[in-house]
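Structure assessment
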Amino acid sequence: MALKRFENRVAFVTGAAHGIGRATVLRLAAEGAAIGAADVDAEGTAAVVAEITEAGGSAVALSCDITDTASVDAAVAATVGRFGRLDVLANVAGHNVGGLEGAEPAEEQWGRQYDFTFTGAVRCIRASLPHLMESRGAVVLVGSISGEVALGTAPYAAAKAAVANLVRNLASDHGPQGVRFNVVAPATVATDRFLGKEKLLDELKAIYPLGRVGQPEDVAAAIAFLASDDAAWITGITLPVEGGLTTGPGHLLNKIG
Ligand SMILES: NC(=O)c1ccc[n+]([C@@H]2O[C@H](COP(=O)([O-])OP(=O)(O)OC[C@H]3O[C@@H](n4cnc5c(N)ncnc54)[C@H](O)[C@@H]3O)[C@@H](O)[C@H]2O)c1
């Protein structure tokens, strides 16, 4: 039987036009959620909303930039205005400004990364929280396994680590009000950020005990789980979604020895 964990529920999802965000809105909609699909890419958002509505679901396309507070506030308000409530916030939008060696002044480069990754999540949470307190809803933020172990590009990794810490604290602060906060921490996922880098994706398979990189749907399934009542007693965690990457090098050593 197909899961229908989000019937009569409403989800606001950022980064909805592509990659993990797109897979997340399709997964939540397939399970019955009405979707506020938010992204800076209006065309991509319209396309995923059309796909949901053609399949008989409910979704609204929202132009939203998570680096702009007014834009986030308006998109969350539009979701609640359209569907009457909010049960799930999934903040998926993300990007990586690069490593320490950049020519850009550190405060600008690291500031942009932090503003996008950390403050962007805070903007989405602040706009959603009053509604989530009414519905006793759930927040799922997309972090990264690079926030847990060293995989390069320190500004991105450090900002993702801050997201995991934020969630632990907010889970504690708002647990008594019935709102849950969790993070999913993916490793390599084959999304548009790897367009033209198919050879690299193929080579990366070797470092994963499960023998492949992730697909957007792998992460969407984890987000849906943490957003659902199946995770009703789980809050404040960072769930690795990483094909066994951080188990250690045993699978590589086995090949050498
Ligand atoms: N792909 C990976 O290997 C990987 C690994 C670990 C973590 N992640 C994280 O997963 C999340 C999604 O990554 P992805 O690979 O699906 O990315 P993607 O580039 O495929 O999609 C990102 C989406 O975010 C949107 N976006 C960009 N800037 C925005 C803004 N300011 N406001 C709103 N939307 C904006 C883009 O238009 C796009 O639709 C990110 O948080 C990323 O850091 C990805």
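Residues numbered from 1 in each chain as written. Predicted model: local features only at pLDDT ≥ 70, side-chain atom pairs only at ≥ 80, totals over all residues. Heavy atoms only, no water.

Under an unreviewed UniProt entry, the chain has the name SDR family oxidoreductase and belongs to Kribbella qitaiheensis. Here is the UniProt Sequence similarities (unreviewed entry) comment for the chain, exactly as written: "Belongs to the short-chain dehydrogenases/reductases (SDR) family." (UniProt positions renumbered as here; feature names shortened; annotations may be inferred.)

A look at the pairing of strand β4 (residues 88-91)
Side chains V88 and A90 project from β4 onto one buried face, and the interleaved L89 and N91 project onto a second face that is buried too. With four bridges connecting them, strand β1 (residues 10-14) and β4 associate as parallel partners. Directly across from A11, in β4, lies its bridge partner V88. Summarising the sheet, β4 and strand β5 (residues 138-142) pair through four bridges and their orientation is parallel. If you follow A90 over to β5, its bridge partner there is V140. In this region the chain leaves β4, passes through helix α4 (residues 106-135) and returns to the parallel neighbour β5; the handedness of that crossover is right-handed. (Buried < 20%, exposed > 50% of the residue type's maximum accessible area, 1.4 Å probe, protein only. Helix = DSSP H or I, 4+ residues; strand = E, 2+ residues; numbered from the N terminus. Pairing = 2+ DSSP bridges. Right-handed = clockwise from strand over helix to strand, strands pointing away.)

Focus on the site of the ligand
Surveying the vicinity of the ligand reveals 28 residues, the closest of which are I20, D39, Y156, V189 and T191. Contact distances for the ligand include 3.3 Å between an oxygen atom and a backbone N or O atom of H18. One of the side-chain nitrogen or oxygen atoms of R193 is found 3.2 Å away from an oxygen atom of the ligand. Here the ligand has 830 Å² of accessible area as a free molecule, and 89% of this is covered by the chains. Judged by its atoms lying within 2 Å of the grid points, the ligand is housed in the largest pocket. Those elements that place two or more of their residues in the shell around the ligand are α1 (19-30) and α5 (154-174). When grouped by side-chain class, the residues that make up the shell around the ligand number 14 nonpolar, eight polar and six charged. (Near = heavy atom within 4 Å. Polar contact = N/O pair within 3.5 Å; in protein donor to acceptor, adjacent residues only side chain to side chain. Areas by Shrake-Rupley, 256 points an atom, 1.4 Å probe, with all protein chains shown as cover. 1 Å grid on protein atoms, 1.4 Å probe; cavity = no way out; pocket = protein on both sides within 12 Å on 5 of 7 lines; lining within 4 Å. Sits in = over half its atoms within 2 Å of the grid points. Nonpolar A, V, L, I, M, F, W, Y, C, P; charged D, E, K, R; others polar.)

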